[in-house]
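# Coordinates in review
This is what each chain is made of:
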There are 2 protein chains.
Amino acid sequence: MWSYEPPLRAMRFVIDEVLDAPADWPRLPAHADFDADTAAAVIAEAGKFVSEVIAPINGAADLEGCKWTPDGKVTTPAGYRDAWRAYVDAGWPALACDADLGGQGLPLLLNAVLNEMLAAGNHGWTMYPGLLHGAYECIKAHASPALRERWLPGIVSGETLATMCLTEPQAGSDLGQVRTRAEPQADGSLRISGNKIFISGGEHDLTDNIVHLVLCRLPDAPAGSKGLSLALVPKLLDDGSRNALRCDGIEKKMGIKGSATCVMAFEGATGWLIGEPGRGLNAMFVMMNSARLHVAMQGLGHLEAATQNALRYVHERTQGKARPAPANGLAASMTVAPQRGGAAGDPIALHAPVRRILSRLQALAEGQRVLAYATAQWLDRAEQHPDAAEREKALGHVELMTPLLKAMLTENGFLGASDALQLWGGYGYVHEYGIEQTLRDSRIAMIYEGTNEIQALDLVQRKLLGDEGRRLGALLDEFAAEAAACRAASEACDRDALGTPVLREFATALEDAIVAFRAGAEELAQVARDDPGWPAAVAGDVLKAFGLVALAWGWARSARAAARHPGDAWYAQRIVIAGHGRDWLLPELRLRLELVRPCGRELPWLVKA
Amino acid sequence: MWSYEPPLRAMRFVIDEVLDAPADWPRLPAHADFDADTAAAVIAEAGKFVSEVIAPINGAADLEGCKWTPDGKVTTPAGYRDAWRAYVDAGWPALACDADLGGQGLPLLLNAVLNEMLAAGNHGWTMYPGLLHGAYECIKAHASPALRERWLPGIVSGETLATMCLTEPQAGSDLGQVRTRAEPQADGSLRISGNKIFISGGEHDLTDNIVHLVLCRLPDAPAGSKGLSLALVPKLLDDGSRNALRCDGIEKKMGIKGSATCVMAFEGATGWLIGEPGRGLNAMFVMMNSARLHVAMQGLGHLEAATQNALRYVHERTQGKARPAPANGLAASMTVAPQRGGAAGDPIALHAPVRRILSRLQALAEGQRVLAYATAQWLDRAEQHPDAAEREKALGHVELMTPLLKAMLTENGFLGASDALQLWGGYGYVHEYGIEQTLRDSRIAMIYEGTNEIQALDLVQRKLLGDEGRRLGALLDEFAAEAAACRAASEACDRDALGTPVLREFATALEDAIVAFRAGAEELAQVARDDPGWPAAVAGDVLKAFGLVALAWGWARSARAAARHPGDAWYAQRIVIAGHGRDWLLPELRLRLELVRPCGRELPWLVKA
């Protein structure tokens, strides 16, 4: 049956060997005492919590769902409350919070690893703490000292959970349409009135109090997004009374059924401004960027969960006689074929179409993990590096990678779950086997925190075309440095039985990809001058092309790190899997870049039937 | 909210104008009296039934599901039984059955149209009659006169429903593993014992009796698929007693929750042999090929339902200001942009990413409909044409198209539902809006009746490589004839403001696609001689490439038929949509053919973690 075991070895490989993150920490004052051993211990402990506490209650919670009663109360599925208590007792909410605010002060990279595990183990449960770190960042950066002092300790400890109240029925992707009103009171507080929808964890039974961060509009505020402010609105006031807000219902959803998605009514609730009037979106964006990386980790977690369950299943399930395997050269020599079965047929792992599907899933999971962790590493540098130029460069990388990861990792989480499901045949469609839940749960991540279409527009319009290619150039230089390193390593170990030709192929593939994408981006900028609407029409293709270039970089880095261990089967498997990505997935880059060029293509108007 | 209106005009356009099917009917003795007006009336009537009777109960049935009680009884959702009664009363089960067996004797093309509508309106409900026509074909072709006489009338009238009992826990894709036993009795009957799973409609409350077609093994039968026989096993015996079989439970599934997917136990049940001993798979395949086309129509139905609901929604939902539209030439001049909105923002139909998604859905829905109906037309010719050479040619086309359509249309049904869901944003994830049910329901079609991976293997190994390219050559000649016709029509209407350059582009794109695919298939046959395992590794890519060539043909045919009506906006929209497929979707052909060539690519062995 379905289970989730965090891939600790693969995670540590990326952190320690591919990214060499421990070498960063002594240079970052906030993490100077942190090291590889401590990181390994934290990850192992987190893995134990996820596989033993929250993964086992994932399937039952999907069937049970949340319960709402007309008095506005929400009951979460069996086991959720105990799991939350265990999470708080172990100090996980404080993982990446500043030490001087009661946190453990660990790098955001570790938080990203934790988030990958949590979503893979139980996405529904993970929704409750999902916005906690974002709320922490937002309050820390923008709230008054009094609000910070009052609310941050509870958020750091996990005694209080937090929500992000943005969406209203008429205001989804277009937050400028938000209507919720905030009226200033004589005591400096606000009275908040309005209706919010799709509020994850708007009401539940995990904590006594809940802090809502509410996007709202002060009197006489201008229309549109410039008139938005942000308010902190707690469920319980300090005198213990209920604030004037309630949960009017929960949604019946496709997945993440353990997460209460609430309709919230604010009816003159007491709140306090966070940040400047009219700068609510700005304050909220601190939270949203953090949330987007978190959502990307959900996609990666689902892909990993789908892949590891499928990998186990295809070795257990026997069906039919496999055809002779395609002729294999180097790759086959490095890994061992599964054993053939007897009268009951061969393990389906021997069938070529199964091998294609699973190799793709593995190549995506391992390549994307490099990109995601690298971005978290850059985020740590952007926040903590003592050198301003390093901070700026790292921030530029993060700004490009955030929309890419949010869109690409969530799409591959969903599509990967679907591809994996296929390997179970009819069993895949049955709840008991778990994979259909992964498919349903993973689907939401393509939508929330900005749909993947919005991410593509952000990448293309704000990031790629927004600074005349400055940030892109810097990131592609970083990628090119890896290609050079790969080529150099290939030369250096010329006689090695394992790595030589392989690394050279990774170097070439990455170099070609960088050249092609750079040319494509430059041409797009040209086209945009004459036809400013065109980039929006092809933003999704640009994002896919950019993702493939980034993956080519991730696969090359992974292969180069693994090639340092010739003759070791586990490392050899990493190179084989990265090589699958390079040979079978990267060719799509040319198609995507072809679609980005106008070439006489038009975009029809859609006529109502 | 979600609704389904059969696209009658688009359907009639394909039947009458694109395929000119009415010209066939006078040449087919069984349908000599049938004509375009009658076909239109039948389709309109079927559409009315689907949109008024079964589509309205689709959403509630998903929430309610089926109920099983330990006495083996299954209760279907509210309204299912009444809808079945209405369906039978209107004579729909008999639509394509022979007139001399009580049927209406209509072309299978009409049955395909009916199946598209039924699945689009309510896939769960449609599962009950889903295998009826296949059972009819199987019994008609293989059963003894006595069995035919006893059971066919009830199946034709719909008084009795039918199942296909193949799968056992250890025997999914590999039917050679089937263990269910059949012991011959002195009276010529069989005693059937064994367990079957995933039996759609194995038990329900729609009809009194149910006829099970059971794959089983006679004593001393050889191992593997050559030892399989087929038995007819009714739920009720002719003396009114219950046969020794029961439903031991129903599956909790991802979708099609109104359909009871049963675990069936046969415990010495009385049955009768259909066809020869050891030829069960052969008899079953009659049913299975019919079922595969039916499943393809489910995929098309889901895509159509998703597309038409999305098309309506994107004109209603306002959000944000749309960027200036990409410069448009011919296409924009033929269709009209939606009206801009006011302060509440523009209809999202104006946003370029939305237009990309919906244009793709429309191009696939319209192109695939041409392919599906053309295949049904060929099936009618294969069965009814007086000229043996015509029958053989048509059968060759059907044999190639069946695995393609089953795999491509079901995959695009699911992926199309997911793409459409994205347009609703968060609402798409909520049950109330319907599209998430379409996504869940559509997923099963990629699995049952042979997974899509099995279809790809069938296409490549049995069909493309199985006859030295004979059937492929004949079909590509058919495609090439359309390219020539397109080019000729383009010349003929040189001065026409609408069609000329467009048709020439369709001709060129189709010619290029045919040349490229022919070369790819020839090279694959070469490679297969040295490396017989390679085709299985790339079967999925071959299928996708073949599908794109076929779509290029469908889009060209559709455009040529529409170009006969210059200046008419409805027809112009067909050309624009087909042009979108040609310009934005067809480029993937080159990628797929590139992946089919070995080029040093390898396929890793998957190592257990």
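Reading guide: rules and limits
Residues numbered from 1 in each chain as written. Chains lettered and ligands numbered in written order. Predicted model: local features only at pLDDT ≥ 70, side-chain atom pairs only at ≥ 80, totals over all residues. Heavy atoms only, no water. Least-squares fit on C-alpha atoms with pLDDT ≥ 70 in both. Contact = heavy atoms within 4.5 Å. Salt bridge = Lys/Arg side-chain N within 4 Å of Asp/Glu carboxyl O. Helix = DSSP H or I, 4+ residues; strand = E, 2+ residues; numbered from the N terminus. Buried < 20%, exposed > 50% of the residue type's maximum accessible area, 1.4 Å probe, protein only. Axes fitted to C-alpha atoms, helices over the stretch in contact; angles between N-to-C directions. Parallel < 35°, antiparallel > 145°, perpendicular 65-115°, else oblique. Left-handed = near helix turned anticlockwise from the far one by under 90°. Nonpolar A, V, L, I, M, F, W, Y, C, P; charged D, E, K, R; others polar. Domains from an automatic or database assignment. Buried area = accessible area lost by both parts, 1.4 Å probe. Polar contact = N/O pair within 3.5 Å; in protein donor to acceptor, adjacent residues only side chain to side chain. UniProt positions renumbered as here; feature names shortened; annotations may be inferred. Core = buried A, V, L, I, M, F, W, Y, C linked by side-chain atoms within 4.5 Å.

### Thoughts on the relation of the copies chain A and chain B
Of the two same-sequence chains, chain A is brought onto chain B (RMSD 0.0 Å, axial shift 0.0 Å) by a rotation of 180°. Accordingly, the operation relating the two chain copies is best matched by a two-fold axis. Taking C-alpha positions as the reference, the residue of chain A nearest the rotation axis is Leu-591 of chain A, at 3.3 Å. Interface overlap between copies is the fraction of interface residues in one copy that are interface residues in the other; for chain A against chain B it reaches 100%, indicating a shared surface.

### Quick word on the pattern of salt bridges
Residues and elements named next belong to chain A. A complete count under the given rule lists 73 salt bridges over all chains for this structure. Notably, a salt bridge pairs Glu-116 with Arg-369, separated by 2.8 Å at the nearest N-O pair. With Glu-116 in helix α5 (residues 108–130) and Arg-369 in helix α10 (residues 352–384), this residue pair connects regions lying 253 residues apart in the sequence. By relative accessible area, which is 0% here, Glu-116 ends up buried. Residue classification places Arg-369 among the buried positions, given a relative accessible area of 2%.

### Observations concerning the packing of helix α17 (residues 539–562) of chain A against helix α19 (residues 588–596) of chain A
Two numbers describe a pair of packed helices, the interaxial angle and the distance between the axes. Residue and element names in this part refer to chain A. In the contact formed by α17 and α19, the axes pass within 9 Å of each other and the chain directions differ by 150°. Taken together, the axes of α17 and α19 are roughly antiparallel relative to one another. Seen from above, α17 lies across α19 with left-handed handedness. From α17, Asp-541, Val-542, Lys-544, Ala-545, Leu-548 and Val-549 reach across to α19, where they touch Glu-588, Leu-589, Arg-592, Leu-593, Leu-595 and Val-596. Across the contact of α17 with α19, the residue classes tally to eight nonpolar, no polar and four charged.

### Brief notes about the domain arrangement of chain A
All names here are of chain A. On domain assignment, one finds that chain A holds domain 1 (8–138), domain 2 (142–151 + 158–278), domain 3 (285–335 + 347–447) and domain 4 (456–596). Taken together, the two surfaces of domain 2 and domain 3 that pack against each other cover about 720 Å², and 81% of this comes from carbon and sulfur. Viewed at the interface, domain 3 and domain 2 are joined by zero salt bridges. Counting across the interface, domain 2 meets domain 3 through two residue pairs in polar contact (both at pLDDT 80 or more). Residue composition of the side of domain 2 that touches domain 3, grouped by class: five nonpolar, three polar and one charged.

### Regarding the UniProt feature "domain: Acyl-CoA oxidase/dehydrogenase middle" (unreviewed entry) in chain A
Here the UniProt-annotated "domain: Acyl-CoA oxidase/dehydrogenase middle" (unreviewed entry) positions come out as residues 164–267 of chain A. End-to-end, the C-alpha atoms of residues 164–267 of chain A are 17 Å apart, and along that stretch the chain is 0% helix and 43% strand.

### Here's the deal with the nonpolar core
Nonpolar side chains in soluble globular proteins tend to be buried together. One finds Phe-517 of chain A together with Phe-517 of chain B to be the most contacted residues of the largest nonpolar core, which totals 428 residues. Excluding anything up to four places from it in sequence, Phe-517 of chain B contacts Leu-464, Leu-472, Leu-476, Val-542, Ala-545, Phe-546, Val-549 and Leu-593 of chain B.

### A look at the packing of helix α11 (residues 388–423) of chain B against helix α12 (residues 435–443) of chain B
Residue and element names in this part refer to chain B. Where α11 contacts α12, the axes come no closer than 8 Å and their chain directions differ by 165°. Here α11 lies roughly antiparallel to α12, going by the angle between them. Between α11 and α12 lies a crossing whose hand is left-handed. On α12, the residues that touch Gly-413, Phe-414, Ala-417, Ser-418, Ala-420 and Leu-421 of α11 are Ile-435, Glu-436, Thr-438, Leu-439, Ser-442 and Arg-443. Here the contact of α11 with α12 is composed, by residue class, of six nonpolar, four polar and two charged.

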